[in-house]
Amino acid sequence: MGSHAYKICEYDCWFQAWGTPDISPSLAGMLSNLRIEEKGEIIERAAAELRRGLARGFGISAGSKARDQETLVGTIEHLNTALGLSLPSQKPEGFVLQVTDTRIIVAGQDPRGALYGVYRLLFLLRLGKITAGTHIAEAPATSYRIINHWDNLDGTVERGYAGKSLFYQDNRIKYDPRRIEDYARLLASIGINRISINNANVRGAAKGLITEAYLPEVAKLASIFRPFGIRLILSINFASPCVLGDLAAADPLDPAVASWWKEQTDLIYRAIPDLAGFMVKADSEFEPGPFQYGRTHAEGANMLAAALRPHNGEVFWRCFVYNCAQDWRDHSVDRAKAAYDHFMPLDGGFDENVILQIKFGPYDFQVREPVSPLFGALLKTRHIMELQITQEYTGHQIDLCYLPWLWEDIMSFDTARGPASRVRELMGRSIEGLAGVGNVGLDQNWTGHPLAQANLYGYGRLAWDPGLSSEVIAHEWSVLTFGDTEVAETIKKILLASYPIYEKYNAPFGICFMVNPGIHYGPSPEGYEFSKWGTYHRADRRSIGIDRTPAGTGYTEQYAPQKAAVFRDPACCPENLILFFHRLPYDYRMKNGETLLQNIYNTHFEGYDEVKAMIDTWMGLKGNLDEGIYASVLSRMERQLENAGEWRDVINTYFRRKTGIPDAKGRVISG
Ligand code: GCU
């Protein structure tokens, strides 16, 4: 490891001007002679990306004079036919990367594969992993690698913590095309192939996005993403036939409604022929949907699917459906059960081009919740998993929270339904991909917190290869961003420690929802306790938690029998989820021999102390790191410490007052 020889530019993310780290003269020779003979938007983009990446990243200018050393980029079919090679065919979007003594070959199964191969070549060069003899054949595990933007047309971003929307301003589509191209590059380089550009809550002007008033502009946006292999998705409002058309109702079984959608969809595809489809949030949090007409979600989704089918479009139908007008006194309803209850009975009832989009957990992107029981259970319905890259419940990109840590845990979850039933093993089989709510905005560094770039990077890498560990991802990202330096190594360690730290000072042991209502930053133990949203922990002076075993709501029984048995028994249930599944007295003994309450106190003291220690580690980097990044991270960490202190005090005080039981270690609990 040496010190980095370049000035880090936050805007460039994982494409820094790296200099020429350990690139041998022979590799440099091959790289400076680029041969690309194929035509086409994406393949030509692949060539341009390689030239650009080599020039900006390594200072290698790639000419095209034939010499005895060269780099070839193309599709496998073309290279085999034109040059008599015998490259083996790959899965769609896959590539082969071969290095001999005289030649580097980047061969895609299709143009997108070649583009992905080019990016991989650039990154592996930086990571020092390309040598004569390198032979890599890779393809993404999943076909759907989606970013969802929750951007509103007025320029705000729902749950956005990195500035205003990249796409909209004052109810108009307004963007800097260069910036969009740079964004497309970032996304393509981590394998993203679809992007929804407007909030799932389709309100106000956004309802008109699918009309002629906006479509020409949407089409221009699509044309910036297209060469990067990224297709657009539009979120639609289920009531559009009434809002935009003159129909009195949007009943999916009404032929007039179906034909309105067909015509509108034809119109949309005339503007954007390769639109990936529609995303729909229906009957959820006040959005309209088929329930209003006594229809099922399969009937609603299939009606849209029929309109999209002639265009090879698909419906991304969200499963975030629950009663959001609940009476907190009513113990018979359990929000955690809702998605399974609504969608499991419909398994097999959805058309081929409907893809259910299921949040990873049964609640709502909480810091710790179990994996949704729909995964592994749905056998006859196409589906993908939804994650949140934006840090709604994980610190608003003020607090550092390296999300691949959580995602690795999700990938490791065993649904226990048949052989090879871990989520990561289902990825690319029953789970066809990921949709992640994006974390970027107009902030110059894209993500607000500079280190939150690692979450975007990690999301793409994991959608591509769900077997990657969070450590490998952190290593790659740190080195690509900060160089192969001690600094990168330290930052990697900081990232890897950050999720457990955040979890310690947050809602304890899977209890969920102790955040300030609405904003979802900072603690409020009873903020959601007596509200309509169905998110209760029911703490009293003796116990806390909802009994989700058969003696309680029975949520555990939505899992496979073997899994249900684990969750049903507090002695077997993972302790980080114990309060999700059980109602326990505060003196319940945890595995470390201390009571539940004492563990709550301890973790909250520790969480705060660990943030302090993290700041010390960060301060140790002063002088070795770009001053701007150093200062911007430090200022966020100071705010994080304040937040962690507030969580510690508010949570500990809450339980101290509720139970009357003091901290066994005699620490001061304020209040
Ligand atoms: C959460 C979030 C909302 C969002 C919703 C969704 O509830 O707070 O802002 O609209 O998820 O996923 O649709």
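Each remark here, short or long, concerns the structure printed above.
All values reported here derive from a predicted model rather than from experimental measurement.

**Comments concerning helix H15 (residues 486–505)**
At 3.6 residues per turn, the α-helix brings residues three or four places apart onto the same side. Here H15 is 20 residues long and its end C-alpha atoms lie 29 Å apart, about the 28 Å a rise of 1.5 Å per residue gives. At Ser-498, H15 shows its largest bend, some 35°, and a proline, Pro-500, comes one to four positions later.

**Details of the pairing of strand E6 (residues 144–148)**
Summarising burial for E6: 5 of the 5 residues are buried, a large majority. In E6, alternate side chains face the same way, and those of Tyr-144, Ile-146 and Asn-148 on one face and Arg-145 and Ile-147 on the other are all buried. Note: E6 against strand E15 (residues 431–437), 5 bridges, orientation parallel. The residue of E15 that forms the bridge with Ile-147 is Gly-436. Alignment of E6 against strand E9 (residues 194–196), held across 3 bridges, turns out to be parallel. If you follow Ile-147 over to E9, its bridge partner there is Ile-195.

**Brief notes about the pairing of strand E4 (residues 103–108)**
Most of E4 is tucked away: 5 of the 6 residues are buried. Of the strand pairs in this sheet, strand E2 (residues 70–75) and E4 are connected by 6 bridges, and their pairing is parallel. In the sheet register, Thr-75 faces E4, and the bridge partner there is Gly-108. Direction of pairing for strand E3 (residues 95–99) relative to E4: antiparallel, over a ladder of 5 bridges. Bridging from a neighbouring strand, Phe-95 pairs with Gly-108 of E4. Hairpin remark: E3 followed by E4, antiparallel, with 3 residues in the connecting loop.

**Digging into the sheet that holds strand E11 (residues 277–280)**
The pairing of strands in a sheet comes from backbone hydrogen bonds and takes either a parallel or an antiparallel form. Strands sit in the order E6-E9-E10-E11-E12-E13-E14-E15 around a closed barrel of 8 strands; the barrel is parallel. Strand-to-strand twist across the sheet, computed as the mean angle between neighbouring axes with direction ignored, equals 25°. Running at roughly 155° to strand E14 (residues 383–388), helix H11 (residues 404–412) makes contact with E14 and E15 of the sheet.

**As for the environment of Leu-456**
Counting through the fold element by element, Leu-456 comes out in helix H13 (residues 453–464). In this structure, the C-alpha to C-alpha distance between Leu-456 and Glu-594, residues 138 residues apart in sequence, is 38 Å. Setting aside chain neighbours within four positions, we find Leu-456 in contact with Trp-14, Ile-147, Leu-187, Ile-190, Ile-389, Asn-439 and Val-440.

The rules behind each value
Residues numbered from 1 in each chain as written. Predicted model: local features only at pLDDT ≥ 70, side-chain atom pairs only at ≥ 80, totals over all residues. Heavy atoms only, no water. Helix = DSSP H or I, 4+ residues; strand = E, 2+ residues; numbered from the N terminus. Expected span 1.5 Å × (residues − 1). Bend = angle between axes of the 7 residues up to and from the residue. Buried < 20%, exposed > 50% of the residue type's maximum accessible area, 1.4 Å probe, protein only. Pairing = 2+ DSSP bridges. Axes fitted to C-alpha atoms, helices over the stretch in contact; angles between N-to-C directions. Contact = heavy atoms within 4.5 Å.

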